[in-house]
Structure formats: C-alpha cells, structure tokens
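# A closer look at the structure
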Amino acid sequence: MNYASIAIAAVEALVENGPVIVEDICALLKPLKEGRAPTTDEWAFAEKQLDAANVAVQAG
C-alpha cells in the first residue's frame, strides 16, 4: 500500500468515526462545564468509545 492509499484510508476512517469522537469529547466536556470531574463511568465510556474509534482508524 502506498502513502496516498494509506492517507486516503486514514481520512476516510476519521470521517466515518468523527461523530463517535465528537460524542465522546462532548461527554467529557459535560462534567467540566458542570464544574466537576468526570465520573468513573463517564471516563470508562469515553475510553471504550475512543479505543474503538482508534482501532477503526488504525485499520483504515
């Protein structure tokens, strides 16, 4: 696979997973806006979602 193919696959994966990544960021911003730290459950959810998105992006 050449550089252009890898770059195209990475951009496509980011676009496909963008909504998940944005949702996770918003989920973590909510407690910060409320003036508190994220709960254990909020962190676990965000980490799980971001890990899944990362795997998808890495796979292209």
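Residues numbered from 1 in each chain as written. Predicted model: local features only at pLDDT ≥ 70, side-chain atom pairs only at ≥ 80, totals over all residues. Heavy atoms only, no water.

### Section: the packing of helix H1 (residues 3-33) against helix H2 (residues 40-59)
The contact between H1 and H2 brings their axes to 9 Å, and the two run at 165 degrees. The angle between the axes of H1 and H2 places the two elements in the roughly antiparallel class. Considering how the two elements wind past one another, H1 and H2 form a crossing that is left-handed. Side by side, H1 and H2 meet where Ala13, Leu14, Asn17, Val20, Ile21, Glu23, Asp24, Leu28 and Pro31 of the first sit next to Glu42, Trp43, Phe45, Ala46, Gln49, Leu50, Ala53, Ala56 and Val57 of the second. Looking at the contact of H1 with H2, its residues break down into 13 nonpolar, two polar and three charged. (Axes fitted to C-alpha atoms, helices over the stretch in contact; angles between N-to-C directions. Helix = DSSP H or I, 4+ residues; strand = E, 2+ residues; numbered from the N terminus. Parallel < 35°, antiparallel > 145°, perpendicular 65-115°, else oblique. Left-handed = near helix turned anticlockwise from the far one by under 90°. Contact = heavy atoms within 4.5 Å. Nonpolar A, V, L, I, M, F, W, Y, C, P; charged D, E, K, R; others polar.)

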